[in-house]
Amino acid sequence: MNRATVRLGVLLLAGVGVVAVLLALLWPFSSGGLPEGSGETASGVQVNRLSERDHELTVTSAALGREGMVRVLLPEGWEPGSGPWPVLYLLNGCCQSRYDSWVTEGGAADLTSPYPAIVVIPEGGTVGFYSDWRDGPGWETFHLTEVRQILERDYGAGDRRAVAGLSMGGFGAMSYAARHPGMFQAAASFSGVLHTRDGENGVDNLLSDNGEDASKLWGDHRSPAWAAHNPADLTGRLRDVRLFVSSGDGSPGPLDDSTTVGNDGEASLLRQAQTFAERARANGAALTVDFYGPGTHTWPYWRRGLERALPLLMGSIGAAA
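Residues numbered from 1 in each chain as written. Predicted model: local features only at pLDDT ≥ 70, side-chain atom pairs only at ≥ 80, totals over all residues. Heavy atoms only, no water.

Visitor: Sorry if this is basic, but what is going on with the environment of alanine 225 here?
Guide: In this fold, alanine 225 is placed in helix H8 (residues 224-229). Exposure remark for alanine 225: the relative accessible area of 18% places this residue in the buried category. When the C-alpha atoms of alanine 225 and arginine 134 are compared, they prove to be 9.6 Å apart, with 91 residues separating the residues in sequence. (Helix = DSSP H or I, 4+ residues; strand = E, 2+ residues; numbered from the N terminus. Buried < 20%, exposed > 50% of the residue type's maximum accessible area, 1.4 Å probe, protein only.)

Here it is in structure tokens:
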């Protein structure tokens, strides 16, 4: 074998090695899958695999100006490259101790396990109100652009979506569905803030109690941004969305213990829900209500609300159990 032949063989082997390395590096992203184990995928997403089904993402978010957290629950049969899968967003309420309280307190992992859909639980801020602030974080962009694109790219998420939330998250569910026509086929609110302009200034109080300047959210109350985000003002945009609304009256109910006292906040939210429901029906929306009487602003009722709403939510996106 002459020197030219040996040199050619060495070059060919080196070339094959470079191609193999490139393919190994690019495979998880070009195929739409995730690398084995925990690690970082494309575009600044750190994946912590809590279990085969349960992934926690740390997302470098331009919309937030910092990292944001997302919990993803995968359906049975999911594997890299599979899909398209329907998606259910679960939105948290204000002031929760953890962003993923739907899992840690709301039983979402067990309740959703029979359904062939991806469940996503994104961080929403202590009092983020599911909006792009005039002066502050862009929660709406984070959820509906950045997180959505990650789900589609890395998890095979499709274009069939439902959204549900408790309290502030109920506001987010209805506001998102109305503000983004066609993005969600169903929306549910459990003890939700559904009328931010009802005169009681509940949003202002929540913001100030948590050290936030209310004017940085939607401006002062004369700003059209208040109506542009308010579910009770947006019911005309929800005719093509299947809706579920539940709330208690604030008095101790069957899921409370003997030491529980009444809750004026839940009673106020019931009045907001009733106003929202009246307007939604007048605008021709497909609406299911569960105004169950006695019941406080606590997790046992929100867990039950999700369980009752899931057949409607999942059925609307083609993910019936």
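Visitor: Can you help me understand unusual backbone geometry in this one?
Guide: The phi torsion of most residues other than glycine is negative, and most of the peptide bonds are trans. In this structure, proline 84 follows glycine 83 across a cis peptide bond, with omega equal to 5 degrees. Its identity is not glycine, yet tyrosine 130 carries a phi of approximately 45 degrees, on the positive side. Residue placement: tyrosine 130 occurs in the loop between strand S6 (118-122) and helix H4 (139-155). Positive phi values are uncommon outside glycine, yet serine 191 reaches one of about 55 degrees. With respect to the secondary-structure elements, serine 191 resides in the loop between strand S8 (186-190) and helix H6 (202-209).

Visitor: Is there a simple way to think about the pattern of salt bridges in this case?
Guide: Proximity of charged atoms lets side chains of opposite charge pair with each other. Taken as a whole and judged by the stated rule, the model has 12 salt bridges. In this structure, the salt-bridge partner of arginine 71 is aspartate 100, at a minimum N-O distance of 2.5 Å. Here aspartate 100 lies in the loop between strand S5 (85-91) and helix H2 (101-104) and arginine 71 lies in strand S4 (residues 66-73), a separation of 29 residues in the sequence. Given the relative accessible area of 7%, arginine 71 is considered buried. Here aspartate 100 falls in the buried class, since its relative accessible area comes to 0%. The closest approach of N and O atoms between arginine 98 and aspartate 100, which form a salt bridge, is 2.8 Å. (Salt bridge = Lys/Arg side-chain N within 4 Å of Asp/Glu carboxyl O.)

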